[in-house]
Amino acid sequence: MEEIKEATKKIEEKVKLKGKLVWDKYDESRAKEAFSFAEGYKGFLGDAKTEREAVGEILKSAQGVGFCAPSEGEGNNKRIYRLNKDKNIGLATLGERPIEEGLRIIVSHIDSPRLDLKQNPLYEELDMALLRTHYYGGIKKYQWVAQPLALHGVVVKENGEKVRIRIGEEEGEPVFTICDLLPHLSRKVQEEKKLKEAIEGEKLTILAGHLPYPDQGAKERVKLRILEFLHQHYGLVEEDFLSAELELVPASKARDVGFDRAFVASYGQDDRVCAYASLKAMEEVVAPPYTTVTIFMDKEEIGSEGNTGAKSRFLELFLTDILKAAGKDPGDTLVREILFNSKALSADVTAGIDPNYKDVHEAQNNAKIGYGVCLSKFTGAGGKYYSSDASAEYVGEIRELFNRKDITWQMGELGKVDEGGGGTVAKYLAVHGMDIIDCGTPLLGMHSPFEVASKGDIYETFRAYRVFFEGE
Ligand code: MN
Ligand code: MN
């Protein structure tokens, strides 16, 4: 009887797929590393709440470990960066092997769903100043009312001067908010409606002031007083809003969650968790075998459009910088050849199975919180549409690497087959012919103002990116 049991155990261990909880694999010191990595990450989340701020933080951190603009390095710097309009940035470290053999690229995105001010936002109603917004990316609108919100962004004045605004993050600063309707009166206009219709986009207006301009003969006195305030403090006039990018984000800070502090919760973890993990991996791997590249994209949440999103030609341009730094002539053919020979991770988050909504998931093929970084062979919706489906060969290669380097990882797709779906930047890089697969942290409450991730999964994401760059 004992012998049969032993044999069963052996065969089970040999042939059955079994995920491992990251905490069961960690010894005390690895668990400590994971917790301490989360501390740096929480700081980044607080400092980099918008794509522009993320670029600033990434640049500062990279410069601190020796990354230079190509022009500063006098042609012999092995670590270079290129900025794209303050909203997109690339880092590269020259590798030991010939660059013709291809790059190792990790691409994440640094934009998150939010509320943008409309171009002509300010108005007055019932002696209150309000700001009209147009939401950016996939939000559930009800999550954005009755929340403290902070205002971040830039205003470009007629003379070209750029004014930076960041109000509502520091202790003692005022915040902004969208008032929700009281339950006593919301039965018909909200509660009898579908959830997605209960709060309309046009009703996401920001409460922004109340004091009237003292001259009782003036028109729109509260609005006038706000404009006077903006003029006194920032030198702005109302027309300056037309050439501004002002974004409202949750004013809350990243926090630990749970008695045991095992989770990080914050706005913007999609996709700053992968951005931060790839930045740290990039910084640590100083002498990689293949040339390593990290790209931090903007505009992923609205389809990777625009000149700072993944559909732009930024990567090709950055590659010409890299080739020059490597002492090569950056011809078009060589650029195409290198991109074709490259291997990449599309570093983006996925959904962890939510214990409250297990029904939208298919447990056998969806990511579990605490089971490590998640590879997704494909994304998309409605029959893998709009997906860059990684080849079995490439999945095999990454699987072998992660297993050999003791990375805790899992394979997962986003929800049940016909439940919904979503995409990433992977397909916009795949057009160059490179191998690419989605690889990122599972989240709970993705796209909410307070997304949750396990510190173990965050740390395994970083470790996975590091071994991808270290290669071999
Ligand atoms: Mn994302
Ligand atoms: Mn997203």
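Treat the numbers as computed from the prediction; the structure is a model and nothing was measured.

### A closer look at the overall build of the chain
The number of helices and strands found in the chain is 13 helices and 21 strands. Computed over the C-alpha atoms, the radius of gyration of the chain is 24 Å, within 12% of the 23 Å expected from 2.2 N^0.38 for a compact globule of 472 residues. When the backbone C-alpha atoms are referred to their principal axes, the chain occupies close to 90 × 65 × 45 Å. By the burial criterion, 50% of the 472 residues in the chain qualify as buried. Restricting the contact set of the chain to residue pairs at least 6 apart, pairs at least 24 apart contribute 76%.

### Concerning the coordination of the manganese ion (ligand 2)
At this site the manganese ion (ligand 2) is bound by Asp270 (OD), Glu301 (OE), Glu301 (OE) and His447 (NE2), with donor distances of 2.1 to 2.6 Å. Read from N- to C-terminus, the donor residues coordinating the manganese ion (ligand 2) fall into the pattern D-x30-E-x145-H. The metal-metal distance between the manganese ion (ligand 2) and the manganese ion (ligand 1) is 3.4 Å, with aspartate 270 serving as a donor to both. With a gap of 31 residues between them, aspartate 270 in helix α8 (residues 269–284) and glutamate 301 in the loop between β12 (291–297) and α9 (314–325) connect regions that are remote in the sequence.

### Considering the pattern of salt bridges
Under the counting rule described, the total for this entry stands at 34 salt bridges. For the salt bridge of lysine 384 with aspartate 389, the shortest nitrogen-to-oxygen distance reads 3.6 Å. Of the residues examined, aspartate 389 reaches a relative accessible area of 39% and is grouped as partly exposed. Residues participating in the shared-partner salt-bridge network are Glu39, Lys42, Asp256, Arg261 and Lys455.

### Here's the deal with α8
Its 16 residues place the ends of α8 22 Å apart at the C-alpha level, agreeing with the 22 Å of an ideal helix rising 1.5 Å per residue. The buried fraction of α8 amounts to 14 of the 16 residues, a majority that puts the element mostly inside the structure.

### Some thoughts on the packing of aromatic side chains
In this structure the tally under the stated criterion is 14 aromatic pairs. With a centroid separation of 5.7 Å and 85° between ring planes, the pair formed by tryptophan 23 and tyrosine 26 is classed as edge-to-face. Under the relative-accessibility criterion, tryptophan 23 is labelled partly exposed at 27%. Look at tyrosine 26 and you get buried, because its relative accessible area is 10%.

### Quick word on the coordination of the manganese ion (ligand 1)
Looking at the metal site, the manganese ion (ligand 1) is ligated by His109 (NE2), Asp270 (OD), Asp348 (OD) and Asp348 (OD), spaced 2.1 to 2.5 Å from it. For the manganese ion (ligand 1), all donor residues lie on one chain, and their spacing in sequence is H-x160-D-x77-D. Using a relative accessible area of 4% as the deciding quantity, one classes aspartate 270 as buried.

### Quick notes on the pairing of strand β21 (residues 451–454)
The two faces of a sheet get side chains in turn, since along a regular strand they alternate between them. Residues Glu451 and Ala453 line one face of β21 and the alternating positions Val452 and Ser454 line the opposite face, and both faces are buried. Where strand β11 (residues 263–266) meets β21, 4 bridges bridge the pair, whose relative direction is antiparallel. Bridge pairing in β21 links serine 266 to glutamate 451.

### Description of the side chain of threonine 350
Inspection of the secondary structure puts threonine 350 in strand β14 (residues 350–351). For threonine 350, a relative accessible area of 6% translates into the label buried. Among all residues touching threonine 350, those that are not within four sequence positions of it are Ala367, Cys374, Ser376, Leu414, Thr441, Pro442, Leu443 and Met446.

### Details of the packing of α8 against helix α13 (residues 455–470)
α13 packs onto α8 with a crossing angle of 45° between their chain directions and a minimal axis gap of 8 Å. Viewed along their axes, α8 and α13 adopt a mutual orientation that is oblique. As for the relative orientation of α8 and α13, their crossing is right-handed in sense. For the pair α8 and α13, the contacting residues are Gln269, Val273, Cys274, Ala277, Ser278, Lys280, Ala281, Met282 and Glu284 in the first and Ile458, Thr461, Phe462, Tyr465, Arg466 and Phe469 in the second. Here the contact of α8 with α13 is built from residues that sort into 9 nonpolar, 3 polar and 3 charged.

### A few points about the sheet that holds β12
Within a beta sheet, neighbouring strands are joined by backbone hydrogen bonds and run either parallel or antiparallel to one another. If you walk across this open sheet you meet the 8 strands as β1-β2-β12-β3-β13-β19-β15-β17, and the pairing is mixed. Looking at the sheet topology across the chains shown, the edges are occupied by β1 (79–84) and β17 (409–411). On average, each strand axis in the sheet is inclined to that of its neighbour by 20°, with strand direction left out of account. With 4 bridges joining them, strand β13 (residues 343–346) and strand β19 (residues 435–440) adopt parallel strand pairing. Of the residues in β19, the one forming a bridge with alanine 344 is isoleucine 436. Lying over the sheet, helix α4 (residues 51–64) contacts β1, β2 (88–93) and β12, oriented at roughly 20° with respect to β2. The sheet contacts of α9 involve β1, β2, β3 (103–109) and β12, and relative to β1 the element is tilted by about 150°.

### Description of the environment of glycine 138
Assignment of secondary structure puts glycine 138 in the loop between β5 (128–136) and β6 (149–156). Taking the C-alpha atoms as reference, glycine 138 lies 8.6 Å from arginine 114; in sequence the two are 24 residues apart. Other than its neighbours up to four places away in sequence, glycine 138 contacts Pro113 and His447.

### Thoughts on the domain arrangement of the chain
When the domains of the chain are assigned, the result is domain 1 (16–112 + 267–470) and domain 2 (114–250). A separation of 34 Å is found between the C-alpha centroids of domain 1 and domain 2. Contacts between the two partners involve 20 residues from domain 1, matched on the other side by 16 residues from domain 2. The junction of domain 1 with domain 2 conceals about 1500 Å² of combined surface from both sides, 44% of it contributed by carbon and sulfur atoms. Considering only the side of domain 1, the residues that lose the most area to domain 2 are Lys49, Arg52 and Pro449, jointly responsible for 33% of the buried surface there. The tally of links from domain 1 across to domain 2 stands at 6 salt bridges.

What counts, and where the lines are drawn
- Residues numbered from 1 in each chain as written.
- Chains lettered and ligands numbered in written order.
- Predicted model: local features only at pLDDT ≥ 70, side-chain atom pairs only at ≥ 80, totals over all residues.
- Heavy atoms only, no water.
- Helix = DSSP H or I, 4+ residues; strand = E, 2+ residues; numbered from the N terminus.
- Rg over C-alpha atoms; globule rule 2.2 N^0.38 Å.
- Buried < 20%, exposed > 50% of the residue type's maximum accessible area, 1.4 Å probe, protein only.
- Contact = heavy atoms within 4.5 Å.
- Donors = N, O, S within 2.8 Å, 3.2 Å for Na, K, Ca; no water.
- Salt bridge = Lys/Arg side-chain N within 4 Å of Asp/Glu carboxyl O.
- Expected span 1.5 Å × (residues − 1).
- Phe/Tyr/Trp six-rings, centres within 6.5 Å; stacked < 30°, edge-to-face > 60°.
- Pairing = 2+ DSSP bridges.
- Axes fitted to C-alpha atoms, helices over the stretch in contact; angles between N-to-C directions.
- Parallel < 35°, antiparallel > 145°, perpendicular 65-115°, else oblique.
- Left-handed = near helix turned anticlockwise from the far one by under 90°.
- Nonpolar A, V, L, I, M, F, W, Y, C, P; charged D, E, K, R; others polar.
- Domains from an automatic or database assignment.
- Buried area = accessible area lost by both parts, 1.4 Å probe.

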